[in-house]
Amino acid sequence: MEETRKSKDLKVRSVPTLFSPLLANIALNGIESIHRYKNNYGRIKEPSVRYADDMVIILQPQDDAEQILAEINQFLAERGLKASEKKTRLTATTDGFDFLGWRFKVQNNGKLRCVPSVDNFKAFRQKVKNIVNNSNYGATTKAEKLAPVIRGWRSYHRFCRMDGSRFSLWHMNNRAFKVFNKETKQNRHTTRRLIDKAFPAVPYSENKHINVLRNKSPFDGDLTYWSERNSKLYDGATSKVLKRQNYSCARCGLKTTSEERVNLHHKDGNHRNWKNNNLEALHESCHDYLHMGKGTA
């Protein structure tokens, strides 16, 4: 635990933004192996995380950060690249660092905390504000446009700590309610229904991300593994129904991989009826097709 509190984080940004993520992955393949060591069980560990050209390397107190950075620079130079001096920095994990829209920080008790980063939240809040304040849309249209934005943001951060009024979006919710309720066609009850539609709930569980097995790939053809893993990314009810259906869509019978979202369908149309025999998991497209022309979801 003491090593965790003292450990450092080396964040490296290396490839020009003109590169596509695919080319960045090709060019940087193997850079993770620069910093590696054997753990107490003799297994090779490569304590780094990379997404395209953005990379975080987790260092122990005894590691030589300057030496590791020099090896990274040599690796990049051989490919005609160099690390961004502006974005490459050494940071104590107890001070925290931003990565891919998240803010990571190790607390004094050794527990890892993750919340949406300040910049990520500002950009999201501005997107919501633009929709709510757009005079070209009515309340119904605004709710329809807000729903995928809110759901997408909440889903992206579903493994973060999301409690508190800031990340529960209470202030945005309240502001939207006031704007919607000003319309002559709306009243308190219709406005509340629109708000519930515009701000769909997405369950979160801090630090509960399911790691992918080391040698697995979405393209390896192992649909059983990927559909089972995908089921664990959903909340309790959906996950249980998927397991009961052997991780397959109840309509088309195909496996439910991460290529398409899964929807939980209430057979009788009553969303208050959560009995097991009234629930089935469907591909989003199958769910949409089922409700086509019915005006329900």
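Up top you'll find the structure we're talking about.
The structure contained in this document is the topic of the report that follows. (Residues numbered from 1 in each chain as written. Predicted model: local features only at pLDDT ≥ 70, side-chain atom pairs only at ≥ 80, totals over all residues. Heavy atoms only, no water.)

So, the pairing of strand β9 (residues 112-116)
Our working definition: DSSP calls a pair of strands paired once it identifies at least 2 bridges connecting them. For the purposes of this entry, the term helix denotes a DSSP run of H or I that reaches at least four residues, the term strand denotes a run of E that reaches at least two, and both are numbered from the N terminus.
Relative to β9, strand β8 (residues 102-106) is paired through five bridges, and the arrangement is antiparallel. Directly across from Trp102, in β9, lies its bridge partner Pro116. Linking β8 back to β9 in an antiparallel pair, the connection comprises five residues, with Gly110 at a positive phi of about 90 degrees.

Re the sheet that holds strand β7 (residues 97-99)
Filter applied, for reference: Axis lines are fitted through C-alpha atoms, for helices just across the contact stretch, and the angle between N-to-C directions can take any value from 0 to 180 degrees.
Reading across the sheet, the three strands line up as β7-β8-β9 and stay open at both edges, with antiparallel pairing between neighbours. Both edges of this open sheet fall to β7 and β9, since each of them pairs with a single strand only. In this sheet, neighbouring strand axes are inclined to one another by 30 degrees on average, regardless of whether the strands run parallel or antiparallel.

What to know about unusual backbone geometry
To keep it simple, the criterion reads: The rule is simple: take the accessible area with a 1.4 Å probe, protein chains only, and divide by the maximum for that residue type; under 20% is buried, over 50% is exposed, in between is partly exposed.
Phi is positive for Leu100, which is not a glycine, with a value near 55 degrees. Relative accessible area serves as the criterion here: at 27%, Leu100 is assigned to the partly exposed category. Phi at Asn246 takes a positive value of approximately 60 degrees, unusual for a residue other than glycine. Considering the arrangement of structural elements, one finds Asn246 in the loop between α10 (236-244) and β10 (262-266). Classification of Asn246 as partly exposed rests on a relative accessible area of 46%.

The values are spatial; any link to function lies outside them.
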